[in-house]
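Architecture at a glance
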Amino acid sequence: MDDFLTAFLNVEIVREAWPILWQGFLYTLALSAITVPLGMVGGVILALLSTAGPRGIRWAAAAWTDLFRAIPPLVLLVFLYAGLPFAGLDVGAWGAVAIGFFLNTGAYYGEVLRAGIGSVPRGQVEAARSTGLSQAQALAHVVLPQAVRNVLPDLVSNTLEVVKLTSIASVVALPELLFQARQAQNATYNATPIVAAAIAYFLLLWPLVRLISRLENKAMAGR
Amino acid sequence: MSGLENFLFSFFNLKVMATYLPLVAQGLALTVLLALLIVVAGLALGLALAVLRSFGIRPLNWLIIFTVDLFRALPPLVIIVLLFFGLPTLGIGLSGFAATWLSLTLVLMAFSEEIYWAGITAVPKGQWEAARSTGLSFLQTLRMVVLPQALRITIPPLTNRTIAITKGTALGSVVGVAEILGASQSAMSFSANPSALTLGAIAYLVLFIPVVALGRWIETRFAWKR
């Protein structure tokens, strides 16, 4: 038991590693605050193209969505970070993360929103248009609010996944929480910093998990 | 070299691709193996937990809910790193493969338990009562009345979740598993050319595009009319 505590929950080590873990935590928050909106913008664009665009564009948007849902985000990130410089295009770690998340999480948000838009009956658009609303107004005031409400559990759950996914930025050496914990672990030869990081992720995301669980149960029971 | 030639030389270098095709193919085989092991163990454990939860034993259910929440909240890469770098300090060494398998299995267990459970609770209470009143035992009711209906509505969310989690096998590259990404990254450093990485990306597409398409088909096939 003592061995376990010294190796995993070493208070001394937590105290020592605290400043850099805290920095990592703040960095993770900042990273999430950037990648979530970025993915949502990508998702809205894709969802609109795949529901309202002309046939060719709709098809292309669907193919694009499937493509970036099929490639694991880490593969995309490594490609952008380590592959592109060979072609003389160095986007840096931040650039790689921004582009990668825009493409990957955009595809996921796009798929969710597309389903949401599809769940709003066609007659509503026709009714809205017949009252004199333009196509864009009908979309903004009638379709999207209902679409978002209908797929709210999926949207929140996707957002949780995006925040969790920011941990892969550690692979391209962005100093977020997991990266800092690894650094501290290497410096102290002790796993406590990683345990501390895991606890931090859990405390940050647990409320969101509870919320999703509640929303999902409600959605499934309502069927 | 012109821009296009340079691009083709860097990303679609057929000579490099041909050289490292066997390595990436081995990676593909390892990814498939890892993914299958995760899917089988994760879905089975998740179902077992959901069935256990339906017995309604309070303290046990709290434990199940906490475990499920834990593995839903933690990023998979954090779990992998914790198991791979943390356990050896206790004298328990796990290979990168085992650490990746165990981590993603636990994650899939958690997500699938939640989905199965939502499916079980979606079956109206009256059906339980009706089945029990015909003389079926609790387990018979669960097995013959509730689960067949519950599993049907869980298929679409379960499929999508399973696909998303098996894509996480790429995270194994961080702890030295030579699956597709790991293999193509080594190939990239041997050859100083990212075409191997392109090959890896193609391998993922070959593997996952049919699965993603299948997931989409299942979603429409099993969709519930509202």
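- As annotated in an unreviewed UniProt entry, chain B carries the name Polar amino acid ABC transporter permease and is attributed to Teichococcus deserti.
- Chain B has a UniProt comment under Sequence similarities (unreviewed entry) that states "Belongs to the binding-protein-dependent transport system permease family. HisMQ subfamily."

- Chain A is annotated in an unreviewed UniProt entry as Polar amino acid ABC transporter permease of Teichococcus deserti.
- Here chain A is described in UniProt, under the heading Sequence similarities (unreviewed entry), as follows: "Belongs to the binding-protein-dependent transport system permease family. HisMQ subfamily."

1. Describing the overall build of chain B
- A count of helical and extended segments in chain B gives nine helices and zero strands.
- Seen in sequence order, chain B has helices and strands lined up from the N terminus as α-α-α-α-α-α-α-α-α.
- For a compact globule of 226 residues, the expected C-alpha radius of gyration is about 17 Å, and chain B comes in at 22 Å, more than 25% above that figure.
- A burial count over chain B gives 45% of its 226 residues as buried.
- Taking all contacts inside chain B whose residues are at least 6 apart in sequence as the whole, residues at least 24 apart take part in 77%.

2. Some remarks on the overall build of chain A
- Along its length, chain A carries ten helices and zero strands.
- Listed by position from the N terminus, the elements making up chain A come as α-α-α-α-α-α-α-α-α-α.
- Its C-alpha atoms give chain A principal-axis dimensions of about 70 × 50 × 25 Å.
- Contacts in chain A between residues at least 24 apart in sequence constitute 74% of all its contacts with a sequence separation of at least 6.

3. Here we look at the interface of chain A and chain B
- With 42 residues of chain A at the interface, the matching set in chain B holds 43 residues.
- Of all the elements in the fold, those that place two or more residues in the side of chain A that touches chain B are helix 1 (2-8), helix 3 (55-70), helix 4 (73-83), helix 8 (152-165), helix 9 (177-188) and helix 10 (192-221) of chain A.
- Ranked by residue count, the leading element in the side of chain A that touches chain B is helix 10 of chain A, at 14 residues.
- Within the side of chain A that touches chain B, the residues separate by chemical class into 29 nonpolar, six polar and seven charged.

4. Notes on the packing of helix 4 (residues 76-86) of chain B against helix 5 (residues 96-122) of chain B
Residues and elements named next belong to chain B.
- At their nearest, the axes of helix 4 and helix 5 sit 9 Å apart, and the two run at 135 degrees to each other. In this view, helix 4 runs oblique relative to helix 5, as classed from their interaxial angle. Here helix 4 runs over helix 5; the crossing is right-handed. Judged by residue contacts, Pro76, Ile79, Ile80, Leu83 and Phe84 of helix 4 engage Gly96, Ala99, Thr100, Leu102, Ser103, Leu104, Leu106 and Val107 from helix 5.
- Looking at the contact of helix 4 with helix 5, its residues break down into ten nonpolar, three polar and no charged.

5. A look at the UniProt feature "transmembrane region" (unreviewed entry) in chain A
Residues and elements named next belong to chain A.
- With numbering aligned to this structure, UniProt lists the feature "transmembrane region" (unreviewed entry) at residues 20-49, 70-103 and 194-213.
- Between the first and last C-alpha atoms of residues 70-103 the distance is 12 Å; the span itself is 71% helix and 0% strand.
- Annotated as residues 194-213, this span is 100% helix and 0% strand, and its ends, taken at the C-alpha atoms, are 26 Å apart.

6. Regarding the UniProt feature "domain: ABC transmembrane type-1" (unreviewed entry) in chain A
- Sites flagged by UniProt as "domain: ABC transmembrane type-1" (unreviewed entry) map to residues 25-213 of chain A.
- Helix and strand shares over residues 25-213 of chain A are 82% and 0% respectively, and the end C-alpha atoms of the span are 25 Å apart.

7. Section: the packing of helix 3 of chain A against helix 9 (residues 195-221) of chain B
- Following both chains from N to C, one finds helix 3 of chain A and helix 9 of chain B inclined at 120 degrees, their axes separated by 8 Å at the closest point. The pairing of helix 3 of chain A with helix 9 of chain B is recorded here as oblique in orientation. In the packing of helix 3 of chain A onto helix 9 of chain B, the handedness of the crossing is right-handed. Where helix 3 of chain A abuts helix 9 of chain B, its residues Asp66, Arg69 and Ala70 of chain A lie against Tyr204, Leu205, Phe208, Ile209, Val212 and Ala213 of chain B.

8. A few points about unusual backbone geometry
Residue and element names in this part refer to chain A.
- Positive phi values are uncommon outside glycine, yet Ala173 reaches one of about 65 degrees.
- With respect to the helices and strands, the residue Ala173 is situated in the loop between helix 8 and helix 9.
- When the 11 C-beta atoms within 10 Å are taken as the criterion, Ala173 is described as exposed.

9. A look at the UniProt feature "transmembrane region" (unreviewed entry) in chain B
Residue and element names in this part refer to chain B.
- Taking the UniProt record as the reference, the feature "transmembrane region" (unreviewed entry) is found at residues 20-50 and 196-218.
- For residues 20-50, the helix share is 100%, the strand share is 0%, and the end-to-end C-alpha distance is 44 Å.
- As annotated, residues 196-218 comprises 100% helix and 0% strand, and the C-alpha atoms at either end are separated by 33 Å.

10. Notes on helix 4 of chain B
- The buried count for helix 4 of chain B comes to ten of eleven residues, which makes it a mostly enclosed element.
- Inspection of helix 4 of chain B places Pro76, Leu77, Val78, Ile79, Ile80, Val81, Leu82, Leu83, Phe84 and Gly86 of chain B among the buried residues, and these make up the whole buried set.

11. Re the nonpolar core
- Within the largest apolar cluster, 119 residues are counted, with the highest numbers of intra-cluster contacts made by Val75, Leu77 and Ala197 of chain A together with Val78 and Ile80 of chain B.
- Broken down by element, the residue count for this core peaks at 14 residues, all from helix 5 of chain B.
- If we ignore the near neighbours within four places in the chain, the residues touching Leu77 of chain A are Ala96, Val97, Gly100, Ile168, Val171 and Val172 of chain A.

12. A closer look at the environment of Ala187 of chain A
Residues and elements named next belong to chain A.
- Relative to the assigned elements, Ala187 resides in helix 9.
- Assessed through the 13 C-beta atoms surrounding it within 10 Å, Ala187 is described here as partly exposed.
- Sequence separation between Ala187 and Ala17 is 170 residues, and the spatial gap between their C-alpha atoms is 9.3 Å.

Criteria and thresholds
- Residues numbered from 1 in each chain as written.
- Chains lettered and ligands numbered in written order.
- Predicted model: local features only at pLDDT ≥ 70, side-chain atom pairs only at ≥ 80, totals over all residues.
- UniProt positions renumbered as here; feature names shortened; annotations may be inferred.
- Helix = DSSP H or I, 4+ residues; strand = E, 2+ residues; numbered from the N terminus.
- Rg over C-alpha atoms; globule rule 2.2 N^0.38 Å.
- Buried ≥ 20, exposed ≤ 12 C-beta atoms within 10 Å, placed from the backbone.
- Contact = placed C-beta atoms within 7 Å.
- Nonpolar A, V, L, I, M, F, W, Y, C, P; charged D, E, K, R; others polar.
- Axes fitted to C-alpha atoms, helices over the stretch in contact; angles between N-to-C directions.
- Parallel < 35°, antiparallel > 145°, perpendicular 65-115°, else oblique.
- Left-handed = near helix turned anticlockwise from the far one by under 90°.
- Core = buried A, V, L, I, M, F, W, Y, C linked by C-beta atoms within 7 Å.

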